[in-house]
Amino acid sequence: MNCNEAAPMVVAHADGEVDGLRGHSLKKHLKECATCAGKHQAVLDLRTKLRAEVPYHHAPQSLRDRVLATVRAAEGRSSVARRGTGERWGWLLSGALGGCAATVLAWFVGTAVLEWRNSEDLATEAVTAHVRATLGGHLTEVASSDQHTVKPWLSARLDFSPPVRDLASEGFALTGGRRDYLGGQPVAVLVYRYRDHMVDVFVRPQQSRAATPPLRSIRGFNVARTTGTAMDWVAVSDVNPDTLTAFVQRLAREDASP
Amino acid sequence: MTGHSRFEEQVLPHLDAAYNLARWLTRDAHDAEDVVQDACVRAMRYVDALRAGDAKAWFLTIVRHACYDWFRRNRPPEIAADEGAIDAAVDTAALSPEQIFTRGAETRALQDAVAALPLPYREVLILRELEELSYKEIARIADIPVGTVMSRLSRARALLQRSPLLQAIDGQSSRGER
Ligand SMILES: [Zn+2]
């Protein structure tokens, strides 16, 4: 093999792409020819430097957890409804407390615990619903940035009329809405886009006295809650907690009849 | 096997590769996470189409698509450039490497030089040198012919070898030998 034949293959050989007879005669040529050997060595040298100096970015644990949670959420979507109530009571019955003691304690701690527990469930349910809609590719059943399109669509399918506002001027662009379920009841979901993030806002007629806790992080999603204009508001997104909280409070504060 | 356990067993082991690629393409940790999450959602949806033994290249193809969609939404200028024009510009610049690495050229480390490569070169270089994929696999992921993989790799390497820092290192290590 001479240089003219070898030259086009030298780099490919350094990349492990030349084998068999051609690889064999190429190796022979590299031993005899300093020019081709130099080119070959240059690729290997650069590779050594790259692997030594250029960082390999490993996936952060938080990302891994979030992806896994998303898979598991998708896996469990068929049994979500069934699991909901079980977990709620399972929490009271688990741990050191059994049967009667749990009942007695629940009597005293009573509503506070149950209300707290319910609010936890609500946040978890909202996250599950958000993930399910994202995975299924049906975040919006009605896709429109026009509040006068989204609001009547939702009102026609619910027994209440949710306030709908586009806040594109503040970075939150209304992209549509859908009907979903929280606590077994149909609720309105307003879908917004904030930069590259999707935000689900669950809206239902006010049932809780106060939204506690107002902020939660579940499976890598932030859940911000508030009450206002006679509605419960639950926002779910991977938008940062402060921005999400300010946004949901802004929605709840607004005049209910745009 | 259900779709979800298929995803966990065959796709999830390549999460590091997915993140590494997304991180090198977007050059931002947070953006890379967004891209990988998007890619995972897509991969879960299509995991039934995955053939055995093919998972890494398959998943990275999806990650790359997610990256480019992300660019389209967030940084359109990065992918707007005509690739032929990039090749031509690079070949012209070959005569005067300082035109490419102007900013802080003396102190620019190799990793900065990689980050500064035009996107079409950066992706083939990362897939070959960090992910150790074959020309054929890279061709499939980047959706280009094998010949184009080779020419982009060779341009990327030439650019890195001409970066002043590398030249300085080479000058020291091989002085008098060449
Ligand atoms: Zn030769």
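Refer to the structure above for everything that follows.
To keep things clear, this report deals only with the structure shown in the data block. Every value quoted in this text rests on a predicted model; they were computed, and no experiment measured them.

The subject of this paragraph is unusual backbone geometry. The residue A:Arg195 is not glycine, and still its phi comes out positive at about 50°. By secondary structure assignment, the location of A:Arg195 is in the loop between strand E3 (185-194) and strand E4 (197-205). Classification of A:Arg195 by relative accessible area gives exposed; the value is 64%. Although it is not a glycine, B:Glu132 adopts a positive phi angle of roughly 55°. Along the polypeptide, B:Glu132 turns up in the loop between helix H8 (119-130) and helix H9 (135-142).

The subject of this paragraph is the coordination of the zinc ion. All names here are of chain A. The protein atoms donating to the zinc ion are Cys3 (SG), His29 (NE2), Cys33 (SG) and Cys36 (SG), with metal-donor distances spanning 2.1 to 2.4 Å. Its four donor atoms give the zinc ion angles of 99 to 120° at the centre, a pattern that matches the tetrahedral case. Positions of the donor residues of the zinc ion along the chain correspond to the pattern C-x25-H-x3-C-x2-C. Remark: Cys33 occurs in the loop between helix H2 (20-32) and helix H3 (34-53) and Cys3 occurs in helix H1 (residues 3-14); sequence separation between them is 30 residues. According to the relative accessible area criterion, Cys3 is partly exposed, its value standing at 34%.

Residues and elements named next belong to chain B. At a closest axis distance of 10 Å, the pairing of H8 and H9 adopts a crossing angle of 140°. With respect to H9, the element H8 is oriented oblique. In the packing of H8 onto H9, the handedness of the crossing is right-handed. Here Glu123, Val124, Leu127 and Arg128 of H8 lie close against H9, whose contacting residues are Tyr135, Ile138, Ile141 and Ala142. Class assignment of the residues belonging to the contact of H8 with H9 gives a composition of six nonpolar, no polar and two charged.

All names here are of chain A. Within the element layout of this structure, Ser237 appears in strand E7 (residues 231-237). Here the side chain of Ser237 touches Met198 through a polar contact of 2.9 Å, landing on its backbone oxygen. At 3.1 Å, the side chain of Ser237 forms a polar contact with the backbone nitrogen of Val239. Excluding anything up to four places from it in sequence, Ser237 contacts His197, Met198, Val199, Phe221, Asn222 and Leu244.

Let's shift gears to the interface of chain B and chain A. The interface of chain B with chain A comprises 45 residues on the first partner and 40 residues on the second. Surface buried jointly by chain B and chain A totals about 3800 Å² across both partners, of which 57% is contributed by carbon and sulfur atoms. One can count seven salt bridges joining chain B with chain A. One salt bridge in this structure joins B:Asp16 and A:Arg64, with 3.2 Å as the shortest N-O distance. Taken together, chain B and chain A are joined by 19 residue pairs in polar contact (both at pLDDT 80 or more). Contributions of two or more residues to the side of chain B that touches chain A are made by helix H1 (3-11), helix H2 (15-26), helix H3 (29-46), helix H4 (55-74), helix H7 (110-116), H8, helix H10 (146-162) and helix H11 (164-173) of chain B. When residues of the side of chain B that touches chain A are assigned to their parent elements, the largest contribution, nine residues, is made by H3(B).

What follows concerns the packing of aromatic side chains. Under the definition given, this model contains five aromatic pairs over all chains. When the centroid spacing of 4.4 Å and the interplanar angle of 20° are considered together, the rings of A:Phe172 and A:Tyr194 count as stacked. Placement of the pair is A:Phe172 in strand E2 (residues 172-182) and A:Tyr194 in strand E3, with a sequence separation of 22 residues. Note on accessibility: A:Phe172 and A:Tyr194 belong to one class, buried. On the basis of an interplanar angle of 75° and a centroid distance of 5.7 Å, the ring pair of B:Trp70 and B:Phe71 is categorised as edge-to-face. This pair shows no difference in class: B:Trp70 is buried, exactly as B:Phe71 is. Each member of the aromatic cluster is reached from another via a ring pair, and the members are A:Phe172, A:Tyr192, A:Tyr194 and A:Phe247. Above the face of the B:Tyr68 ring, B:Arg64 is positioned so that its terminal group lies 4.2 Å from the ring centre.

On to helix H7 (residues 147-157) of chain A. Residue and element names in this part refer to chain A. Among all positions in H7, only Gln147, Val150, Trp153 and Leu154 are buried. Seen along its axis, H7 keeps its buried residues to an arc of 140°; they face one direction. Turned more than 90 degrees off the buried face of H7, the exposed positions are His148 and Ala156. In this structure, the buried residues of H7 make contact with strand E1 (142-143), E2 and E3. For H7, the N-terminal capping position is held by Asp146, with its side-chain oxygen 2.9 Å away from the main-chain nitrogen of His148.

Close approach of charged atoms allows side chains of opposite charge to pair. Residues and elements named next belong to chain A. If you walk through the whole model with that rule in mind, you get 20 salt bridges over all chains. A salt bridge links Asp200 to Arg178, with the shortest nitrogen-to-oxygen separation between them at 2.7 Å. Taken together, the positions of Asp200 in strand E4 and Arg178 in strand E2 put the pair 22 residues apart, joining distant regions of the chain. Like Asp200, the residue Arg178 is buried in the burial classification.

Rules used throughout
Residues numbered from 1 in each chain as written. Chains lettered and ligands numbered in written order. Predicted model: local features only at pLDDT ≥ 70, side-chain atom pairs only at ≥ 80, totals over all residues. Heavy atoms only, no water. Helix = DSSP H or I, 4+ residues; strand = E, 2+ residues; numbered from the N terminus. Buried < 20%, exposed > 50% of the residue type's maximum accessible area, 1.4 Å probe, protein only. Donors = N, O, S within 2.8 Å, 3.2 Å for Na, K, Ca; no water. Tetrahedral: all angles 85-135°; square planar, octahedral: opposite > 155°, others 65-115°. Axes fitted to C-alpha atoms, helices over the stretch in contact; angles between N-to-C directions. Parallel < 35°, antiparallel > 145°, perpendicular 65-115°, else oblique. Left-handed = near helix turned anticlockwise from the far one by under 90°. Contact = heavy atoms within 4.5 Å. Nonpolar A, V, L, I, M, F, W, Y, C, P; charged D, E, K, R; others polar. Polar contact = N/O pair within 3.5 Å; in protein donor to acceptor, adjacent residues only side chain to side chain. Buried area = accessible area lost by both parts, 1.4 Å probe. Salt bridge = Lys/Arg side-chain N within 4 Å of Asp/Glu carboxyl O. Phe/Tyr/Trp six-rings, centres within 6.5 Å; stacked < 30°, edge-to-face > 60°. Lys NZ or Arg CZ within 6 Å of the ring centre and 35° of its normal. Arc of directions from axis to C-beta.

All we've got here are geometric facts, nothing functional implied.
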